[in-house]
Amino acid sequence: MSATRSFPRDAMGVAHDPVDAADARIVSLVPSITELLFDLNLGDQLVARTQFCVHPEGRVDKLPSVGGTKKIKVDRLRALNPTHVVLNVDENTKELAETLRAFVPNLVVTHPIQPRDNLDLFRMMGGIFDRAERAEALCQDFEMALRSVMTLAPRLTDRRVLHLIWKDPWMTVSPNTYIARMLELVRWRTVSTDTRVRYPTVPMTQKLLDGVDVVLFSTEPFKFTEDHIAEFRAKFKLPGKTLRMIDGEMISWYGSRAIQGLNYLRQAATETRAESASTRGKPG
């Protein structure tokens, strides 16, 4: 009796036949997945990307762009005759997926919702595109970085964190997002006024700020700067609060960048712990 063959399944539960990498023509509509595909040594199989796919620098810019993550130039993508288009539940719309389904043989849908989902993501992409060995190497690197963070976590204290991703209006992240679950690894608990919405607007009030320990200003999607932090500090009373920039790519990008992201997060938590200790009790 022969063993049942297992096929990689994407976030929608769709099983994908493994292909010889040389036969694949891949379009990635997810910036972090584009970088992952390069790190899986699939750069030669990529035929297009979005304008927001910026990594790896010096290599990705040689690929043609088919537009943004929400709106693409469908005719341009169709002309490339892709065998696979990679999508993400948060990055791309359902309407876009339905449009592509009419002429793309394989839509590969991704949806990591917590850091450990990167392991399945590596193995799924490696399994579909004949890069299983390289995927396992990335899994080992990820596990090593995660262990380093988990070793630090018991030495940290719980901190209530307001993670800002947009200005005018102010927007943050809910606890059920990948970003929030990354931050939880170092015991940073995200504050949200509406947990029903993944990326809610938040009324910036003194009452809200009185209940947080740390305010993080992300470098994406809104590019916060040190000037924004200075303006924020001048506007509100923030005694004993830590305000700091946070690299949005390192915290929100899954895929291979998450390995760097874990190391970055560990360093940021260590620095914030020291900053909080030095500013405690100082006037805001």
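Residues numbered from 1 in each chain as written. Predicted model: local features only at pLDDT ≥ 70, side-chain atom pairs only at ≥ 80, totals over all residues. Heavy atoms only, no water.

K.L.:
What should I look at first to understand the sheet that holds strand 2 (residues 46-48) in this one?
P.N.:
Pairing between the strands of a sheet comes from backbone hydrogen bonds, and it takes one of two forms, parallel or antiparallel. As summarised here, the arrangement of the four strands in space is 2-1-3-4, forming an open sheet in which the pairing is parallel. The sheet terminates laterally at strand 2 and strand 4 (106-110), the two strands that pair on one side only. For this sheet, the mean angle separating the axes of adjacent strands, direction not counted, is 35°. By the bridge criterion, three bridges tie strand 1 (residues 26-28) to strand 3 (residues 84-88) in an arrangement that is parallel. From the neighbouring strand, S28 faces strand 3, where its bridge partner is V86. Taken strand by strand, helix 1 (residues 31-39) contacts strand 1, strand 2, strand 3 and strand 4, and its axis lies near 140° from that of strand 1. (Pairing = 2+ DSSP bridges. Helix = DSSP H or I, 4+ residues; strand = E, 2+ residues; numbered from the N terminus. Axes fitted to C-alpha atoms, helices over the stretch in contact; angles between N-to-C directions. Contact = heavy atoms within 4.5 Å.)

K.L.:
In this structure, what is going on with the pairing of strand 5 (residues 159-164)? I would like to understand it.
P.N.:
The side chains of a regular strand alternate, residue by residue, between the two faces of the sheet. Judged by how many residues are buried, strand 5 sits mostly within the fold: five of six residues are covered. Pairing of strand 5 with strand 6 (residues 188-190), which is carried by three bridges, proceeds in the parallel orientation. Bridge pairing in strand 6 links V161 to T190. Taken together, the four bridges between strand 5 and strand 7 (residues 214-218) define a ladder with parallel strand orientation. By the bridge assignment, V161 is partnered in strand 7 with V214. (Buried < 20%, exposed > 50% of the residue type's maximum accessible area, 1.4 Å probe, protein only.)

K.L.:
Explain helix 4 (residues 117-128) to me, please; I cannot follow it from the model alone.
P.N.:
The first and last C-alpha atoms of helix 4 sit 17 Å apart over twelve residues, in line with the 16 Å expected at 1.5 Å per residue. Regarding helix 4, the residues found buried are D117, N118, L119, L121, F122, M124, M125, G126 and I128. Looking one or two places after helix 4, you find D130, whose phi comes out positive at around 60°. (Expected span 1.5 Å × (residues − 1).)

K.L.:
Would you mind going over a nonpolar patch on the surface with me for this structure?
P.N.:
Together, M12, V14 and V89 line one region of the surface with nonpolar side chains, adding up to about 260 Å² of accessible area. Here M12 is to be found in the segment before strand 1. (Patch = residues over 30% accessible without salt bridge, like charges linked within 9 Å, V, L, I, M, F, W, Y side chains within 5 Å. Areas by Shrake-Rupley, 256 points an atom, 1.4 Å probe, with all protein chains shown as cover. Salt bridge = Lys/Arg side-chain N within 4 Å of Asp/Glu carboxyl O.)

K.L.:
Sorry, what's going on with unusual backbone geometry here?
P.N.:
With the exception of glycine, the majority of residues adopt a negative phi angle, and the majority of peptide bonds are in the trans configuration. Omega for the peptide link from H55 to P56 comes to 0°, which places this bond in the cis form. You can see P56 is positioned in the loop between strand 2 and helix 2 (74-79). Going from E220 to P221, the amide bond is cis rather than trans, its omega being 0°. Along the polypeptide, P221 turns up in the loop between strand 7 and helix 8 (226-235). Of note, D130 is a non-glycine position whose phi angle comes to about 60°, a positive value. By the element assignment, D130 lies in the loop between helix 4 and helix 5 (132-152). If you check the backbone angles, D168 has positive phi at about 55° while not being a glycine.

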